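In case you want the letters, here they are:
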Amino acid sequence: MATVTFREERCKGCELCISVCPEKIIVLAEHYNAMGFHPATVVEMDKCKACAICARMCPDVVIEVVKEEKQD
């Protein structure tokens, strides 16, 4: 399982992360951030494969992807 965190206050809604997500689980939120943009967010976190392509694509470094290790 993975956890994806967006620093919403810094996101300018450029949609680059949306375009590269292989699972198509990133969307723009309906609300606005302090800069007046719709920030990106993940809608189905359980489908995230932790590939981190979105984080590498983000020009403003607002995305953090953490892959959680399986506990036995």
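Definitions and cut-offs
- Residues numbered from 1 in each chain as written.
- Predicted model: local features only at pLDDT ≥ 70, side-chain atom pairs only at ≥ 80, totals over all residues.
- Heavy atoms only, no water.
- Core = buried A, V, L, I, M, F, W, Y, C linked by side-chain atoms within 4.5 Å.
- Buried < 20%, exposed > 50% of the residue type's maximum accessible area, 1.4 Å probe, protein only.
- Helix = DSSP H or I, 4+ residues; strand = E, 2+ residues; numbered from the N terminus.
- Contact = heavy atoms within 4.5 Å.

Looking up the protein chain in an unreviewed UniProt entry gives the name 2-oxoglutarate ferredoxin oxidoreductase subunit delta, with the organism given as Desulforamulus aeronauticus DSM 10349.

## Focus on the nonpolar core
Judged by nonpolar contacts, the single largest core of 17 residues is most densely connected at V4, F6, C17, I26, A40, V42 and I63. At the level of secondary structure, the elements contributing two or more residues to this core comprise β1 (2-6), α1 (16-20) and β3 (40-42). When residues of this core are assigned to their parent elements, the largest contribution, three residues, is made by β1. Ignoring sequence-local partners within four residues, the contact set of V4 consists of V42, M45, C48, I63, E64 and V65.

## A look at unusual backbone geometry
A positive phi angle, near 55°, is found at K24, a position not held by glycine. Here V61, not a glycine, exhibits a phi torsion of approximately 50°, which is positive. Within the element layout of this structure, V61 appears in the loop between α2 (53-57) and β4 (63-67).

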